[in-house]
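# Examining the three-dimensional arrangement
Given next are the chains, with one letter for each unit.
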Amino acid sequence: DTSSSHTASAIVAADGGARHALAAGATPHVVVGDLDSLSPDELARVEAAGARIERFSPRKDETDLELALLHAARASASEIVILAALGGRLDQTMANLLLLALPELRGIDVRVVEGAQEAFLVRGEALIEGRPGDTVSLIPLGGDAVGVTTEGLEWPLREETLRFGPARGVSNVL
């Protein structure tokens, strides 16, 4: 649970994410989406708690999470922690992880956190913090990752290429 290491200055809930926030004892500041995942009672609860509602048509091109991320980027967020994004649908999970590559999020520290797991996009270089024995996977998206160099991993890479597709970068150890 990494929630203790993060302090939210704003909670933006993507539709049904408002339910998750309320269950965790947090009130969203903004609820974004088509609101098809909230019951009228849940919507009334977040409105009564002072949440601003940004309702979109269900006939939109973006997912609710994408709209919430774009909202946070427009609000000049410097860090975004995405919770409850790895649900039971493989297509939705993959799409949610790929949202990390949105051009609007460039320059923002954006992480998907699920229990003890954390995923983030590396553009250029990154510091991966953890404890010895932690699993670290490097997975190229959008093509080959060329010139990859790592330090502090059991199987280091020195100016190597991680090819898009093969799983060579999976399950290294800090």
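So, a few notes on the structure that sits alongside this text. (Residues numbered from 1 in each chain as written. Predicted model: local features only at pLDDT ≥ 70, side-chain atom pairs only at ≥ 80, totals over all residues. Heavy atoms only, no water.)

### Side note on the overall build of the chain
When you go through the chain residue by residue, the secondary structure sums to four helices and 10 strands. Helices and strands appear in the chain in the N-to-C order β-α-β-α-β-α-β-α-β-β-β-β-β-β. Taken along its principal axes, the extent of the C-alpha atoms in the chain is 55 × 35 × 30 Å. The buried share of the chain, reckoned over its 174 residues, is 30%. Total accessible area computed for the chain in this model is approximately 11,100 Å², and 52% of it derives from carbon and sulfur atoms. The chain carries 15 positive and 26 negative side-chain charges, and their two centres are separated by 3 Å. (Helix = DSSP H or I, 4+ residues; strand = E, 2+ residues; numbered from the N terminus. Buried < 20%, exposed > 50% of the residue type's maximum accessible area, 1.4 Å probe, protein only. Areas by Shrake-Rupley, 256 points an atom, 1.4 Å probe, with all protein chains shown as cover. Lys, Arg positive; Asp, Glu negative; His and termini not counted. Charge placed at Lys NZ, Arg CZ, Asp CG, Glu CD.)

### Quick look at unusual backbone geometry
Not every positive phi belongs to a glycine, and Asp15 is a case in point at roughly 50°. Looking at the secondary structure, you find Asp15 in the loop between strand S1 (12-14) and helix H1 (17-23). On the basis of relative accessible area, Asp15 is assigned to the buried category, the value being 1%. Phi at Leu35 is positive, roughly 65°, even though this residue is not glycine.

### Notes on the sheet that holds strand S2 (residues 30-33)
Spatially, S1-S2-S3 is the arrangement adopted by the three strands of the open sheet, whose pairing is parallel. The open sheet has two edge strands with one neighbour each: S1 and strand S3 (52-55). Shown here is a sheet whose adjacent strand axes are inclined to one another by a mean of 20°, direction ignored. Two strands pair when backbone bridges link them, and S2 and S3 are joined in this way by four bridges, in the parallel orientation. (Pairing = 2+ DSSP bridges. Axes fitted to C-alpha atoms, helices over the stretch in contact; angles between N-to-C directions.)

### Let's talk about a nonpolar patch on the surface
A contiguous nonpolar surface patch, about 480 Å² in accessible area, is contributed by Leu98, Ile139, Leu141, Phe164 and Val170. Residue position: Val170 is located in the loop between strand S9 (160-162) and strand S10 (172-173). (Patch = residues over 30% accessible without salt bridge, like charges linked within 9 Å, V, L, I, M, F, W, Y side chains within 5 Å. Salt bridge = Lys/Arg side-chain N within 4 Å of Asp/Glu carboxyl O.)

### What about the pairing of strand S6 (residues 117-120)?
Strand residues, when the strand is regular, have side chains that alternate between the two faces of the sheet. Pairing geometry for strand S5 (residues 109-114) and S6, over four bridges, is antiparallel. Within S6, the position partnered with Val112 by the bridge is Ala119. The turn linking S5 back onto S6 is made up of two residues, and Gly115 within it adopts a positive phi angle of 60°.

### Topic: the nonpolar core
Counting 20 residues, the largest nonpolar core has Leu65, Leu69, Ile80, Ile82, Leu105 and Val110 as the members making the most contacts within it. Of all the elements in the fold, those that place two or more residues in this core are S2, helix H3 (64-74), strand S4 (79-83) and S5. Tallying contributions element by element places H3 first for this core, with seven residues. Setting aside anything within four residues of it in sequence, one finds Leu69 in contact with Ile80, Ile82, Leu99, Leu102 and Leu105. If you look at the next biggest cluster of nonpolar residues, it comprises nine residues, including Ala13, Val31, Leu35 and Leu38. (Core = buried A, V, L, I, M, F, W, Y, C linked by side-chain atoms within 4.5 Å. Contact = heavy atoms within 4.5 Å.)

### Remarks on the pattern of salt bridges
This structure, assessed with the given rule, holds nine salt bridges. Between Asp64 and Lys60 there is a salt bridge, with the nearest N and O atoms lying 3.2 Å from each other. Of the residues examined, Asp64 reaches a relative accessible area of 13% and is grouped as buried. The shortest N-O distance in the salt bridge between Asp109 and Arg111 comes to 2.8 Å. Here Asp109 falls in the partly exposed class, since its relative accessible area comes to 32%. Its relative accessible area of 17% is what places Arg111 among the buried residues.

### Brief notes about the sheet that holds S6
An order of S4-S5-S6 is seen for the three strands of this open sheet, with the pairing classed as mixed. Only two strands of the sheet have a single neighbouring strand rather than two, namely S4 and S6. For this sheet the average axis-to-axis angle between neighbouring strands, irrespective of direction, equals 25°.

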